Amino acid sequence: RTIISLCLSQLQREVIEIGEVDEDYAPIHTYQVCRVMEQNQNNWLHTNWILTEGAQRVFIELKFTLRDCNSLPGGVGTCKETFNMYYYETDGEEDRALKESRYIKIDTIAADESFTELDLGDRVMKLNTEVRDLGPLTHKGVYLAFQDLGACIALVSVRVFYKRCPFLVKSLAEFPDTIPGSEASQLVEVVGHCVNNSLPLYEPPRMHCSTEGEWLVPIGKCVCQPGFEEINGSCQVCKVGFYRSLLESLACSKCPPHSVARQTGATACSCEDGYYKIDSDPPNMACTRPPSAPRNAISNVNETSVFLEWSVPMEMGGRKDVRYNILCRQVLPDGRGLEECGPNVRFLPRRVGLSNTSVMVADLQSHTNYSFLLEAVNGVSELAKDHAKQYVSLNVTTNQAGMSRQICHNSQYFLFCQSQPPHEFSNQHHSCPQDSSYTIIKSKETEMVVEGLKPSSAYIFQVRARTSAGYGAFSRRFEFQTSPYFTAFTCAQKQYCDMAFIPMCLCVPSLRRCGYSKAKQDPEEEKMHFHNVKFPGVRTYIDPLTYEDPNQAVHEFAQEIDVSFISIERIIGAGEFGEVCSGPLRLPGKREIQVAIKTLKAGYTEQQRRDFLWEASIMGQFNHPNIIRLEGVVTKSKPVMIITEYMENGSLDTFLKKNDGQFTVIQLVGMLRGIASGMRYLSDMGYVHRDLAARNILVNSNLVCKVSDFGLSRVLEDDPEAAYTTRGGKIPIRWTAPEAIAYRKFTSASDVWSYGIVMWEVMSYGERPYWEMSNQDVIKAVEESYRLPGPMDCPEALYHLMMDCWQRERSNRPKFDEIVCLLDKLIRNPSSLKKLVNSSHRYEFTPQNNNVSKTSQSYVKSFILKKIYFENLLILMLKPNTNIYLINQCHI
Ligand code: AMP
């Protein structure tokens, strides 16, 4: 903050410059005027030219004393108790002659306290301080002037200053000394400069300079570039033997086994001789080598087929991607050597890249000797050119071929399910790799349910028949895409006796790959979609209740932290069980991080301790960037604590209220996207939150929102918003779906309803849903199809999404993955957010039926203060801050 030096110059005789002492006898210099008894006073005092140094808003602090007119002997007469302040902007010093007409008035200044004769005697100063701000200023400097119209004033000091956001280093980014904008609530966005050897993470770091000279709303950050790590706010080079590759990993890591970093600043470690790495290996993976040969190979001949089986190699080379290749050679008669098997020989499931340790070789010649070489390979075999291949060999002799009989009704059906890599819903096209694995399913039926498929994956099915005469041809390929909720599907085949089989897959073509628009989908996008069935390979949430001993659940999912690693520095909130504090956590060998520390207050019962740690048993099962991360628990000393990552901006509702109107729509949608992504994860895990609300979302310094407050119904007991329902149990009515209120049907679909309410809270900057309506009125209104109106300036696309979340029929609500998809689309295409909910929409009723009951009419009427009939118009005066839906004019 710079103080601009100011010098007053006397312009009229009536204003006199006086050297005085204040009540402490310190010398002061004042300008005084006191022509209270004479008519038509117009005394001016103006400053020298004040250079504003680029500031667009300056503050003027005046200190003055003023005489109480009533205390003047001889009555008030022409006496005034105010004076005026003016300014005049120029780009350079001008003629000092006062040109009153040029000056623009800033304000009339009145005194809070005026002095009387008595005060003079007691030497009481009664000094007034007034501050005015001036802006936007557009020139290099300004003159100030003070006009007296007949008051008795002494101007003691004039301080002219402006505010600036000082140079700051935060999250490895430097923000320059910045002059704020001119408007009172304006924020100036400043892009930070990453400190030496650091880079912006995802986006350049930004901060906002407020008119108060404070830095607000940090967005983005810098991280040390690969080969460097952050130590005490600067980037230090990784030592020999250490590396840092990804921007996401913060500290340098020791080189993994069989690899070295011989120089400082390594971004990756190189493999020792004889060890290798492929591009897809993560940097922290050890270097590996090819496997040894398969072991214990055996063969089993059946007519002209051979079934080969073996055990995994002794040495896998440190990798899990071991595959097997078969080399088939026919022994030529009369010792003429070996010849590679012809193309007629079939390998089931295939010849190379086998993941199982067996293969069926069919259609060999009868009474012939064959030699099979079995080779094990892994991801680095191709790189290990010097590594001699190791095989195991098997010699077999085939028998007589079987009898040909064409009996149609004994046919067997083989279903080949060929899975492609998981479909990422990205633009990348995954073609079916030549050697992708497939599964054979054998059936005598013409209908089959295929289970255990992976979610979000593409599958190809082909059917063919076999009789004792041999195999028929494959059917054409049928391609299917499993949904994120995939279960199983039914395939049926129609059989024709001439061995042509036409498979018919009876599937529900309803998958919407992205978005959930109710419009007809592109047929290309119509794939399979199934719900509510658990599929293998995806982690599900385990209810801590399933543990007999709750302590066991805690230690299964949460790491015990020694209390000596934690320092409590500040209290940041109050939880149900005790204070919530923050401070650094210093785990040995790890970087220090800030954490939130929830404590269990002394004198707790065993039940309270269990309930307190319950949350940790749940939180510890989750690992997602939009779910609050559990660092661990302290249970071996007192107080018992739950340690989570620290969220600098606290809970979302308070944060939004504090920063009302300060974010761009994209920032708000970004927050909503984060919450939806966390909720998608929870619903995929099979966890229903039940208390999703802005107050239960935490925000970090990068505006990342994370879902918090876990637990079962008991969590709701702690929520001040939760109210008892007629069926008992507490429910946060305003956030809860009707079916959950009515009969406790809590599902991910009821979480979607709550998510819609959170969207509304976010878009209205923390407004209370349904304002001051009572819980009972909210239940009634929602029952009668009342829905919250679109918040002010809310993009229409977002309001549509909210309304869809509030569909009465829960199966019609979007799923969280569809919500994430839609928000992603909106973020990618910000012009889709331009169309705002217009005011007519905000007051529009969306009845789901036309029978608007009496209650809803009386509910609407309760907002009407006054009805005025004007000609043929009915004018309604509504209560202030009221948003109501008008049903239609007739109903009103
Ligand atoms: P809770 O008991 O979880 O509702 O926490 C009470 C209050 O403590 C919250 O409303 C937040 O203001 C604060 N708080 C809780 N956890 C954290 C955290 N991880 N980071 C920052 N503040 C938190």
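Residues numbered from 1 in each chain as written. Predicted model: local features only at pLDDT ≥ 70, side-chain atom pairs only at ≥ 80, totals over all residues. Heavy atoms only, no water.

1. Quick look at the environment of Trp-806
Checked against the element boundaries, Trp-806 lands in the loop between α10 (796–805) and α11 (816–828). In this structure Trp-806 touches Trp-753, Gly-756, Ile-757, Trp-760, Arg-787, Leu-788 and Tyr-799, once residues within four positions along its chain are discounted. (Helix = DSSP H or I, 4+ residues; strand = E, 2+ residues; numbered from the N terminus. Contact = heavy atoms within 4.5 Å.)

2. Here's the deal with the side chain of Ser-305
Among the secondary structure elements, Ser-305 is positioned in strand β26 (residues 305–311). For Ser-305, the contacting residues outside a window of four places in its chain are Asn-300, Met-360, Val-361, Ala-362 and Asp-363.

3. Things to note about the sheet that holds strand β13 (residues 168–170)
Pairing is antiparallel in the open sheet, where three strands are placed in the order β13-β14-β16. Here the strands that pair on one side only, and so sit at the sheet edges, are β13 and β16 (193–194). (Pairing = 2+ DSSP bridges.)

4. Here we look at the nonpolar core
Phe-622, Leu-652, Ile-675, Phe-710, Tyr-755, Trp-806 and Leu-823 are the most contacted members of the largest nonpolar core, which has 87 residues in total. The residues touching Tyr-755, leaving out its near neighbours within four places in the chain, are Leu-672, Arg-673, Ile-675, Ala-676, Leu-692, Cys-805, Phe-816, Ile-819 and Leu-823. Val-33, Phe-64, Ile-109 and Leu-144 belong to the second-largest nonpolar core, a separate cluster that totals 26 residues. (Core = buried A, V, L, I, M, F, W, Y, C linked by side-chain atoms within 4.5 Å. Buried < 20%, exposed > 50% of the residue type's maximum accessible area, 1.4 Å probe, protein only.)

5. What to know about unusual backbone geometry
Most peptide bonds are trans, and most residues other than glycine sit at a negative phi. For the peptide bond that leads from Gly-135 to Pro-136, omega is 0°, which places it in the cis range. Positive phi, normally seen in glycine, also occurs at Asn-296, with a value near 50°. Within the secondary structure, Asn-296 sits in strand β25 (residues 295–302). Judged by relative accessible area, which is 56%, Asn-296 ranks as exposed. The phi torsion at Arg-744 lies on the positive side, around 55°, for a residue other than glycine. Looking at the secondary structure, you find Arg-744 in the loop between α7 (738–743) and α8 (748–763). With relative accessibility at 28%, the residue Arg-744 sits in the partly exposed group.

6. Section: the packing of aromatic side chains
Evaluation of the coordinates by the stated rule reveals 22 aromatic pairs. Relative to Tyr-324, the ring of Trp-310 lies with its centre 5.4 Å away and its plane at 65°, an arrangement referred to as edge-to-face. A residue pair is termed long-range when its members are at least 10 positions apart, and Trp-310 in strand β26 and Tyr-324 in strand β27 (residues 323–331) qualify at 14 residues. No difference in accessibility class separates Trp-310 from Tyr-324, as the two residues are buried. Between Phe-622 and Tyr-687 the ring centres are 5.4 Å apart and the planes differ by 65°, which places this aromatic pair in the edge-to-face class. Remark: Tyr-687 occurs in the loop between α5 (665–684) and β48 (697–699) and Phe-622 occurs in the loop between α3 (606–619) and β46 (630–634); sequence separation between them is 65 residues. (Phe/Tyr/Trp six-rings, centres within 6.5 Å; stacked < 30°, edge-to-face > 60°.)

7. Quick word on the UniProt feature "active site" (unreviewed entry) in the protein chain
Within this structure's numbering, the places UniProt gives as "active site" (unreviewed entry) are Asp-691. Within the secondary structure, Asp-691 is located in the loop between α5 and β48. (UniProt positions renumbered as here; feature names shortened; annotations may be inferred.)

8. Observations regarding the environment of Cys-705
Structurally, Cys-705 is set in strand β49 (residues 705–707). Sequence separation between Cys-705 and Ile-675 is 30 residues, and the spatial gap between their C-alpha atoms is 6.1 Å. Not counting residues within four places of it along the chain, the set of residues in contact with Cys-705 comprises Asn-626, Leu-652, Met-671, Gly-674, Ile-675, Ile-697, Leu-698 and Val-699.

9. Details of the pattern of salt bridges
Per the stated rule, a full pass over the model turns up 23 salt bridges. For Arg-586, the salt bridge is made with Glu-592, and the minimal N-O distance between the two is 2.8 Å. We classify Arg-586 as partly exposed; its relative accessible area is 40%. On the basis of relative accessibility, which here comes to 43%, the residue Glu-592 falls in the partly exposed class. In this structure, Glu-645 and Lys-706 form a salt bridge, with 2.9 Å as the shortest nitrogen-oxygen distance. With Glu-645 in strand β47 (residues 641–645) and Lys-706 in strand β49, this pair connects stretches of sequence that are 61 residues apart. (Salt bridge = Lys/Arg side-chain N within 4 Å of Asp/Glu carboxyl O.)

10. Re the site of the ligand
In the region of the ligand, 14 residues are neighbours, and Ala-596, Lys-598, Thr-644, Glu-645 and Met-647 sit closest. Here Lys-598 contributes a side-chain N or O atom positioned 2.5 Å from an oxygen atom of the ligand. Within the contact set of the ligand, a nitrogen atom lies 2.9 Å away from a backbone nitrogen or oxygen of Glu-645. Protein chains shield 81% of the accessible area of the ligand, which is 480 Å² for the free molecule. Contributing elements (two or more residues each) for the shell around the ligand: β43 (570–574), β45 (593–599) and β47. Counting residues per element, the shell around the ligand draws most heavily on β43, which supplies three residues. Tallied by class, residues from the shell around the ligand come to eight nonpolar, three polar and three charged. (Near = heavy atom within 4 Å. Polar contact = N/O pair within 3.5 Å; in protein donor to acceptor, adjacent residues only side chain to side chain. Areas by Shrake-Rupley, 256 points an atom, 1.4 Å probe, with all protein chains shown as cover. Nonpolar A, V, L, I, M, F, W, Y, C, P; charged D, E, K, R; others polar.)

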